[in-house]
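Next come the chains, spelled out residue by residue.
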Amino acid sequence: MATGDNSGRVPCLNFSGPGPLGNSQPSNSPYALAASHGGSVGGGGGSQSVTRRSNPQSGPASLESPGVASGPPPNLMNALPAAAAAVGPLGGAMAPTASNMTGNPSNAAMTPATHSSLSAAPAAAAVLVYREPVYNWQATKSTVKERFAFLFNNEVLSDVHFLVGKGMGVQRIPAHRFVLAVGSAVFDAMFNGGMATTSTEIELPDVEPAAFLALLKYECFSRYACMYCTYIPENCNLFSRFLYSDEVHIGPETVMTTLYTAKKYAVPALEAHCVEFLKKNLRADNAFMLLTQARLFDEPQLASLCLENIDKNTGDALAAEGFTDIDLDTLFAVLERDTLGVREVHLFGAAVRWAEAEAHRQQLQLTPENKRRVLGKALKLIRFPLMTIEEFAAGPAQSAILTDREVVSLFLHFTVNPKPRVEFIDRPRCCLRGKECSITRFGQVESRWGYSGTSDRIRFSVNRRIFIVGFGLYGSIHGPTDYQVNIQILHTDSNTVLGQNDTGFSCDGSASTFRVMFKEPVEVLPNVNYTACATLKGPDSHYGTKGMRKVTHESSGSGTKTCFTFCYAAGNNNGTSVEDGQIPEVIFYT
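Here's a quick rundown of the structure. (Residues numbered from 1 in each chain as written. Predicted model: local features only at pLDDT ≥ 70, side-chain atom pairs only at ≥ 80, totals over all residues. Heavy atoms only, no water.)

A short note on the overall build of the protein chain
Counting secondary structure elements, the protein chain contains 16 helices and 21 strands. Burial status across the protein chain gives 50% buried among its 590 residues. (Helix = DSSP H or I, 4+ residues; strand = E, 2+ residues; numbered from the N terminus. Buried < 20%, exposed > 50% of the residue type's maximum accessible area, 1.4 Å probe, protein only.)

Written out as C-alpha cells, the structure is:
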C-alpha cells in the first residue's frame, strides 16, 4: 500500500464508510486517529479526533485531499509489465504482459466500486481505489512476516527513495534505510558509514528496476524470515495476489541483471540463487553467452561449468547464435583449451564467423586483412597441423587470412619428411574427461631394433570400452635423434583404419618411451580385435623384451580394471610380437 501525499502524485478517490475492522474509514495519513463507529476518540458527538494531517469528512469523496494508492504500489505496477516484457541475457522467451496493467497509478490501482456511498459520489467517481486502511494496518497483519511484507515498495514509514533506471524507464521506489542496512553491507555503509549520504533520493542509473525490486524483496526482508509482498486488486487479469517468500523466484528475463545487482550491493545469498539458476539452465546454445557473463561477474565456478559444457558439446556451442557475440578474451580462453571436441577445420570456420561479426561491430570492411586483425593472437591458437591436407587446402589455404608464408610452411608440414617446424600448435586436442591412463607390455628394455620401412604391428583386445589417444615408442640408441613415424589403429577383421597420424618425435637417447599421439581419440570396444601399427623412419632404437600377453590397469579412484590381451599379428610385422619388439606402451582414457 502506498499513502498519498502532496508531492505531485495523482490523488485517489476516498469514500467514508465502515472499515474492514468495523471502524470509520481511516484517514489517508498513517498518523491519523479514526473515531470508532458511533463514538469518538478524544472527542464526542461522533466526530473524528484531531489529526496531524487533514482528513476527508464522511460522505462523498473529497477530491481536494490527498488519497491513498492501495493495492499494488504504483512503482511495482510499473515494474511488473516492464520485467515481464524484458528479454534477459539468457535469451528466454518473452513473458506475457497483461493488457490492463498500466504504468498510470491512478488507473492501475482502481477496481469497480460496490460501496453504497457511490450514490453520493460525483459522476466522475466511477470506481473505488482498492485499499487497506493506513491507520492500524498492523492489526490486520498477524505475524512479523506479514507486517514487514506489507512495507515492500510502500511509502508507509519509508525514509528514502531510489530513482532506478535511466531515461524514460526511471522508477521511483520507496524503501527503508534500516531494513536495507540490515540486509546489505553496501547499504549499511551508504546510510551509516563515515561518508553516509543524507539525501532522501538516490539515483541508480546502472540498475534495472525489476532487478532492484528482486533485491529488495529477497534480501532486505529475508533477514526477518519474511519477504515484502504486495496485494493486487481481485479483478486483476494477471494475478489476484502476488506473494513473495524466502524461496526467491528467478526467471531468464531478469537473472543477469539481478546477479549484477546482488554483486553490486554485496548480497551473496541472492547471488548464489542467481548462479544456481544459471547452472541449472546451462545448455550448449547459451554456454558461450553465460561464459562471457561468468567472466564479467568473476564467477569462476560458473565459468568452469560453461567450459566443461563447451568441451562436451563443442559443435553445438559453436553453432549457437550467441557464439559470435563473445569478446576476444573469451574466444582466446576457449581456443587455447586442449579438450575441445571438434575437428580443427570446424573450429577455424567458427573463428572466421566470429571475426566477421567483430569486424561488423568495429565498422570494418569484411576483408581478409581485417578478419586477421580482429582475431589477433587468437589465430595462432587454431591448430592447423591437426587438419588433414584436404581440409586445409579446401578451407584455410584459400581464405586469404593466412599469409603466403604460413600456407607454404603448413603444406610442407603435411607433405615432406622431416617435417619443418610451423608457427602453429600441433598438440592434439583430447575431448575426453577424466585421467589419462597407460599400460606397458614389456618387462625389460634391450638395444638395437632396426627399421626398413616395414610396420611394427601387434594385435590386442580389451575387456571394456576405452579411447586410445596415443602410443609410447622407443627411441634411438645413438643419442638425441628425430624420428618420422606413422601410427595407426586398425579393425583387424575388416582391416579398416580407425585412426592414424603421420607425425614425428624427438628422443634423447635414453631407454624411455616417447609419446606419439593420434589427432583424435580412437574408440576401442570390448572383446573386439584391433591391430596397433607404427612405421618408423630413423636409426636403430631400443626395444622391449619379456613381454606379457595380458596387462591389467586398475584405476586408483574407482578401482575399475582395464585388461589388455595381446596377440601376434600375422604377416609382415618387422619382428614385433607379444614377447619383444616395438609399441611398448598404450595411452588411453576410460
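Digging into the pattern of salt bridges
Tallied over the entire structure, the rule returns 18 salt bridges. The partner of D311 in a salt bridge is R337, and the shortest N-O contact between them spans 2.5 Å. With D311 in helix α10 (residues 300–312) and R337 in the loop between α12 (328–335) and α13 (344–361), the pair connects residues that are 26 residues apart, well separated along the chain. When the shortest N-O distance is used, the salt bridge between E391 and R343 registers 2.7 Å. Within this pair, whereas E391 is found in helix α15 (residues 389–394), its partner R343 is found in the loop between α12 and α13, the two being separated by 48 residues in sequence. The class of E391 is buried, set by a relative accessible area of 19%. For R343, a relative accessible area of 25% corresponds to the partly exposed category. Taken together, the shared-partner salt bridges connect R372, K380, E406 and E423 into one network. (Salt bridge = Lys/Arg side-chain N within 4 Å of Asp/Glu carboxyl O.)

Topic: the packing of helix α9 (residues 287–296) against α10
One can describe the packing of α9 onto α10 by two numbers: an axis separation of 9 Å at closest approach and a directional angle of 155°. One element, α9, and the other, α10, form an angle in the roughly antiparallel class. Seen from above, α9 lies across α10 with left-handed handedness. Between α9, through A287, F288, L290, L291 and A294, and α10, the contact on the second element is made entirely by L302, A303, C306, L307, N309 and I310. Counted by class, the contact of α9 with α10 contains 10 nonpolar, 1 polar and no charged residues. (Axes fitted to C-alpha atoms, helices over the stretch in contact; angles between N-to-C directions. Parallel < 35°, antiparallel > 145°, perpendicular 65-115°, else oblique. Left-handed = near helix turned anticlockwise from the far one by under 90°. Contact = heavy atoms within 4.5 Å. Nonpolar A, V, L, I, M, F, W, Y, C, P; charged D, E, K, R; others polar.)

Quick look at the sheet that holds strand β6 (residues 171–175)
Read from one edge to the other, the open sheet built from 3 strands follows the order β6-β5-β7, with strand pairing classed as mixed. The open sheet has two edge strands, β6 and β7 (201–204), and neither has a second partner. For this sheet, the mean angle separating the axes of adjacent strands, direction not counted, is 25°. Across 5 bridges, the pairing between strand β5 (residues 160–164) and β6 is antiparallel. Along β6, the bridge assignment pairs H161 with P174. (Pairing = 2+ DSSP bridges.)

Quick look at the environment of I202
Here I202 shows up in strand β7. Every residue in contact with I202, bar those within four places of it in the chain, is listed here: V160, H161, F162, L163, M190, F191 and T197.

Topic: the sheet that holds strand β15 (residues 496–507)
Pairing within the open sheet is antiparallel, and its 6 strands lie in the order β15-β14-β17-β12-β20-β19. The open sheet terminates on both sides in strands that have one partner only, identified here as β15 and β19 (550–554). Going across the sheet, the axis of each strand differs from the next one's by a mean of 25°, ignoring polarity. In this sheet, strand β20 (residues 561–567) lies alongside β19 in antiparallel orientation, the contact comprising 5 bridges.

Thoughts on a nonpolar patch on the surface
Nonpolar side chains collect at one region of the surface, where V408, L412 and V416 lie side by side and expose about 210 Å² of accessible area between them. You can see L412 is positioned in helix α16 (residues 404–415). Classification of L412 as partly exposed rests on a relative accessible area of 38%. (Patch = residues over 30% accessible without salt bridge, like charges linked within 9 Å, V, L, I, M, F, W, Y side chains within 5 Å. Areas by Shrake-Rupley, 256 points an atom, 1.4 Å probe, with all protein chains shown as cover.)

Notes on the side chain of E391
A polar side-chain atom of E391 sits 3.1 Å from the main-chain amide nitrogen of T388. Among all residues touching E391, those that are not within four sequence positions of it are R343, V345 and P396. (Polar contact = N/O pair within 3.5 Å; in protein donor to acceptor, adjacent residues only side chain to side chain.)

Examining the packing of helix α7 (residues 255–264) against helix α8 (residues 268–280)
Direction vectors running N to C along α7 and α8 enclose 150°, while the axes themselves pass 8 Å from each other. On the basis of the axis angle, α7 is roughly antiparallel to α8. As for how α7 packs across α8, the hand of that crossing is left-handed. On the side of α7, the interface is formed by V255, M256, T258, L259, A262 and K263, while α8 contributes L270, E271, C274, V275, F277 and L278. Across the contact of α7 with α8, the residue classes tally to 9 nonpolar, 1 polar and 2 charged.

So, the pairing of strand β14 (residues 481–491)
The element β14 is extensively covered by neighbouring structure, given that 8 of its 11 residues are classed as buried. Pairing between β14 and β15: 11 bridges, direction antiparallel. The partner of Q488 across the bridge, within β15, is Q500. Hairpin connection between β14 and β15: a loop of 4 residues separates the two successive antiparallel strands, and N495 in this loop has a positive phi of roughly 60°. Relative to strand β17 (residues 530–537), β14 is paired through 8 bridges, and the arrangement is antiparallel.

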